[in-house]
Structure formats: structure tokens, C-alpha cells
Amino acid sequence: MSSDEFRKQGKLMIDWIAYYYDDIAKHPVLSQVSPGEIKNQLPEAAPTDGESMAQIMSDVNSIIMPGITHWQSPNFFAYFPANTSGPSILGDLLSSGLGVQGMLWATSPACTELETRVLDWLANMLQLPEKFKSNTDGGGVIQDTASSAALSAVLAARERKTNYQTNESGSLGNLVAYVSSQTHSSVEKAVKIAGIGKNNLRLIGVDENLAMRADILETAIQKDLQDGLVPFFVCSTVGTTSTNAMDPLPEIGKICEKYDLWMHIDAAMSGTAAICPEYRYILDGVEFADSFSFNPHKWMFTNFDCNCFFVADRSSLIKTLSILPEYLKNQATESGAVFDYRDWHIQLGRRFRSLKLWFVIRHYGINGLRYHIQEHIRLARLFAGWIRSSADFELVAPAPLNLICFAHKNGNDFNRKLLETINRRGKMYFTHTLINGQFVLRMSIAQTNTQIGHVSQAWKTIQETASELSEKE
Ligand SMILES: *Cc1c(COP(=O)(O)O)cnc(C)c1O
């Protein structure tokens, strides 16, 4: 593609995206296609000769778009957010344009040094303890997802506990990891991948708010020690995926300290709220943690993928994951004066992801970010208030931040039907969870452009559809 053609098509593409956002609320939020419908419209073989961008974009409009679920719609209230923003999209575009592979400091110094700086900014914004900053023994790194961050944490914890011998001998001791019954499935996956084995993963019970019970955790650790096993890792969650439950970090932290376990904190979505002083309390106890991770790609207006993973002792991570084949040797690495982030995560190659994060933080400023987070939480509280004062619906879990778990009083089948009917009609999209056998509706309010009108319209839609279905019964 010539430079002139690229310039022309690039401008068209930016226009296309801008128009998409202007009109996004006109699409049904949940894609309405059936399985195979998109694939069947695509040729079985790749084109022999090149095609024009006009042809390609025409297929985007007619074939691809009907198969899109509109995560960036202000009426998207499903799962968790994956919100984005203009500055993030532009930063990501610039990263694609530069096409940098930042595996080593030497392969693009700015890619490493901007990342270090931006993660230190974030550590300050979240008021993380000094130990997580790069001028101490710790530091932060951008990972693709919270899942990869959890896996890195489990691996470093495993190596620390076995004196960095498991990597050498490949044989595991009787290591045991602890999570709650509400912990994200990615941690179970990490424990499996790390060779710990599912049988050595304890699912600790939760209290009435679905937060991990520290007393049960301690009892489990004591029992495992008595049985000759080796407790090594706890994952505590700030804002569980299902209901936004908050594990008691200080209590868990003290237990980890007492029994020498690696404490990882998964704050994938909710961590962002801690940049607001009034919500910083959710991280009280983070001073006990060995590692902490949150996803700007969920609630901080930054395109997927972007997870920020902080460790208190980077040497444990680097000793676990460092590999130095001859062809990667270079003076900067040997001098020890630089970070080579390939040693901080699973994969070797890495994109220049800090650019989009830097764009976002500079565009909004800390105050702008706080404003949007506070606004989402304000809307969530309004919505929770409407549920509380409704005769037909009830709140099913505490709603500390931006996620509301609620249910119609007519029971599971009714709630399921309500959810399916609303999502099929496409005006809004929300999803469910199961709490102690109860089918619960979830409203996750965190899309960048969601405003009061969208939330009140959603509530109206929910109420009207519920009345309609009640009448039919
Ligand atoms: C979403 C979520 C994850 C998984 O995030 P990925 O970045 O997709 O791996 C993990 N933990 C919690 C609490 C989450 O909400």
C-alpha cells in the first residue's frame, strides 16, 4: 500500500470509526446472528489476487457488523466493561504504526521506559505502597490480561517457595494454593498450568457478602501443614466478577505473612475505582501483597488488552521467567542498568501498549478519570435505589461500586425469561449470575458513554418487560 493510499484509507477509517460511535446506540446491542451465519458468508478460500479497501470495507459493513456485539454501546451493561476512548484508540493506532517489538530495552528503549514511568504513575494514582514502584525492589509491567498476571504470580510464588528449584528439576513439592469459591476461573487455570494440580487448590468458603472467610482460610492452611503439605499462594479478589464481592485484604494479608504465603490481589475491574480518594479503601491491606493486578482494559477507557501487574519483589518474578539465549544478548542487558520486560511475563514479544495508557491518562488527567468513575458509581447507586424501592425487584448482593445484582421476585424461570426477552430485543444487553442457586440479573455500569438517560431507559425497559411477562403468566 503506497503512502498516499494509506493516508487516504486511514482518514476514511477514522471517519468510519467516528460515525460508528455517533450511531452506536442504533445497533441491537447483542448481535442477533445464529451460529455459522457470519462464516457462511465468507469465501472458503483466501483471494488469489488482492482486493480493494472499498471491497473489504463493504464486506465489513454487510457481513461483519451484524455479527458484532456492541461492547462500546452506552446500553451495554453485560459481564464487565471493556471500555475504550478516543485517546486510547489513537494510542493503539500509533503503536500499530510504529510496529515496535519491545521484548528488550534494547529493541526500543522508549517502549520500556515509558511503560516503567506510566506504571509508576499508576502506582501513585492508586496509592500503592512504595514497594510496588520501580525505584525500589518492585515495579509494574503491562501484561495482556489479568489471567496472565495471575499465572505469572503463581509461577513466581511456586519458585520462591521451592527456592527456584522447580524450574530446574521440574518436580513439584506438595504445594497448595488457596482461592475463594468466588475467585475468577483464571486462577484455577493458572494453578493447573503451573503444575500445582487442581487437587491442590482449595476453594475457601465465603461469608454472606460472598467475600472470602479469613478464619476458614487459616484453618485450611493449618490442616494442610499438619498433613505435610506446603501452602504457598493465596489469591484475594477486590471486586469478584460475579457480584463485586471484596475479600478482607488485611485479614488475609496477616495470614499470608504468618505462614509465608505469596499474596496476590486480583482487582481486575474494581481496582480502577481506587484512583478516587473516597474509594481507595477497597485497597486497604494491599501493603501485605506480593503482587497486585488490575485491568485498565476494563474500566479505565483503554482498549483491550492492557493489564497492569505490580510486584513487590521483581527479582522473584525475573528469576522465575528469565531466559537469555545467545541471540538476545546485548550490552544494555548485561550492564544490569535496564529492565527487559520479556523477563516479567510468559511470552517473549510485546507490543507498545503503554502508549495507549499514556494517551488516556494525559488526555483525561487524574481528575477526568476520577470524574467518569465517580459518575458510573453514582449511576449504579441510583439504579440500586430504584431496585430497593421497587415492589417487584430486590437487590441480591451489596453493590459497593458499579455492579448491581438484582432479581425479580417471581423466581428463577421468570428472571431467565426476562433477561432473554430483553436481550433478544436488542435495546440493552445485560447478563446474569447464580448466587446460591438463585438466578440473578447483573447490571454493570461502566461504558465510557453511558449516561443517566441510558440507565433510566434500561430500568424502564426492565420494568415494562417484566409487567408484560407477568401479564402473560
Ligand atoms: C475479568 C476478570 C478477570 C479476567 O480478566 P482477563 O484480563 O480477561 O484475564 C479476572 N479476575 C477478575 C476479578 C475479573 O473480573
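Residue indices follow the written sequence of each chain, beginning from 1 at its first position. Local features in a predicted model are, by the rule used here, given only for residues with pLDDT of at least 70; side-chain atom pairs are given and counted only at 80 or more, and totals for whole chains, interfaces and linings are based on all residues. To obtain the side-chain values, all non-hydrogen atoms of the structure were used and water was disregarded.

Novice: How should I be thinking about the site of the ligand in this particular structure?
Specialist: A single heavy atom is enough: if one lies within 4 Å of a molecule or strand, its residue is considered near that molecule or strand. In the neighbourhood of the ligand, 14 residues make up the surrounding shell, with Ala-146, Ser-147, Asp-266, Asn-295 and Lys-298 lying closest. Under the rule applied, a polar contact is a pair of N or O atoms within 3.5 Å (in protein, one hydrogen donor and one hydrogen acceptor; residues adjacent in sequence only if both atoms are side-chain atoms). The separation between an oxygen atom of the ligand and a polar main-chain atom of Ala-146 is 2.8 Å. Take Asp-266: an N or O atom from its side chain is 2.5 Å from a nitrogen atom of the ligand. Here the open area of atoms and residues is found with the Shrake-Rupley method and a 1.4 Å probe, where only the protein chains shown may cover a residue. Compared with its free state, where it exposes 380 Å², the ligand has 92% of that area covered by protein. Only DSSP runs of H or I reaching four residues or more are called helices, and only runs of E reaching two or more are called strands; each is numbered from the N terminus. For the shell around the ligand, the elements supplying multiple residues, two or more each, are helix 5 (146–161) and helix 10 (296–299). Of the residues assigned to the shell around the ligand, the class counts are three nonpolar, nine polar and two charged. Charged residues are taken to be Asp, Glu, Lys and Arg, nonpolar residues to be Ala, Val, Leu, Ile, Met, Phe, Trp, Tyr, Cys and Pro, and polar residues to be all remaining types, Gly included.

Novice: Explanation requested: helix 13 (residues 354–388) in the structure shown.
Specialist: The periodicity of an α-helix, 3.6 residues per turn, causes residues three or four positions apart to be oriented the same way. To estimate how far a helix should extend, the number of its residues minus one is multiplied by 1.5 Å. For helix 13, which comprises 35 residues, the first-to-last C-alpha distance of 41 Å sits more than 12% below the rise-based estimate of 51 Å (1.5 Å per residue). Bend, at a single residue, is the angle you get between axes fitted to the 7 residues ending at that residue and the 7 residues starting at it. At Gly-365, helix 13 is bent by approximately 90 degrees, the largest bend along its length.

Novice: Help me out: how do you make sense of the packing of helix 5 against helix 11 (residues 314–321) in this one?
Specialist: When two helices pack together, their arrangement is captured by the angle between the axes and the distance separating the axes. To get an axis, a line is fitted to the C-alpha atoms, and for a helix only the part in contact is used. The angle between two axes follows their N-to-C directions and goes from 0 to 180 degrees. Taken N-terminus to C-terminus, the directions of helix 5 and helix 11 make an angle of 90 degrees; their axes are 9 Å apart at the nearest point. Put simply, helix 5 runs roughly perpendicular to helix 11. Contacts between helix 5 and helix 11 pair Ser-152, Leu-155, Ala-156 and Glu-159 from the former with Ser-316, Leu-317, Thr-320 and Leu-321 from the latter. Angular relationships are summarised with four words: roughly parallel below 35 degrees, roughly antiparallel beyond 145, roughly perpendicular across 65 to 115, and oblique for the angles in between. Whether two residues are in contact is decided by their heavy atoms: any pair within 4.5 Å suffices.

Novice: Mind showing me how you'd approach the pairing of strand 6 (residues 291–294) here?
Specialist: Each regular strand shows side chains that alternate between the opposite faces of the sheet. Burial status follows relative accessibility: with a 1.4 Å probe on protein chains alone, a residue under 20% of its type maximum counts as buried, one over 50% as exposed, and anything between as partly exposed. Across the two faces of strand 6 the burial is the same, with Ser-291 and Ser-293 and Phe-292 and Phe-294 all buried. DSSP-based pairing: two strands are paired if at least 2 bridges between them are found. The pairing of strand 5 (residues 262–266) with strand 6 spans three bridges and is classified as parallel. Looking across to strand 6, one finds that Ile-265 is bridged to Phe-292. Here strand 6 pairs with strand 7 (residues 307–311) via four bridges, running antiparallel. Bridging across to strand 7, Ser-291 finds its partner in Val-311.

Novice: What exactly am I supposed to notice about the packing of helix 13 against helix 15 (residues 452–472) here?
Specialist: At their nearest, the axes of helix 13 and helix 15 sit 10 Å apart, and the two run at 25 degrees to each other. Between helix 13 and helix 15, the crossing angle belongs to the class labelled roughly parallel. The interaxial crossing formed by helix 13 with helix 15 has right-handed handedness. Of helix 15, the residues touching helix 13 (which contributes Leu-379, Leu-382, Phe-383, Trp-386 and Ile-387) are Ile-452, Val-455, Ser-456, Trp-459 and Ile-462. A class-by-class count of the residues in the contact of helix 13 with helix 15 yields nine nonpolar, one polar and no charged. Two helices that cross are described as forming a left-handed crossing if the nearer one is turned anticlockwise from the farther one by less than a right angle, and a right-handed crossing if clockwise.

Novice: Explanation requested: the nonpolar core in the structure shown.
Specialist: A general feature of soluble globular proteins is that nonpolar side chains tend to end up buried together. What we call a nonpolar core is a set of buried Ala, Val, Leu, Ile, Met, Phe, Trp, Tyr and Cys residues that are connected through their side-chain atoms within 4.5 Å. Counting 60 residues, the largest nonpolar core has Phe-292 and Phe-310 as the members making the most contacts within it. Elements supplying a minimum of two residues to this core: helix 4 (109–125), strand 2 (175–180), helix 8 (214–226), helix 9 (249–259), strand 5, strand 6, strand 7 and helix 13. Examining the composition of this core, we find that eight residues originate from one element, helix 13, more than from any other. Residues in contact with Phe-310, not counting those within four places in the same chain, are Leu-119, Leu-122, Ala-123, Leu-128, Phe-132, Gly-139, Gly-140, Asp-290, Ser-291, Phe-292 and Phe-294. Judged by nonpolar contacts, the second largest core, of 29 residues, contains Val-179, Val-191, Phe-309 and Trp-344.

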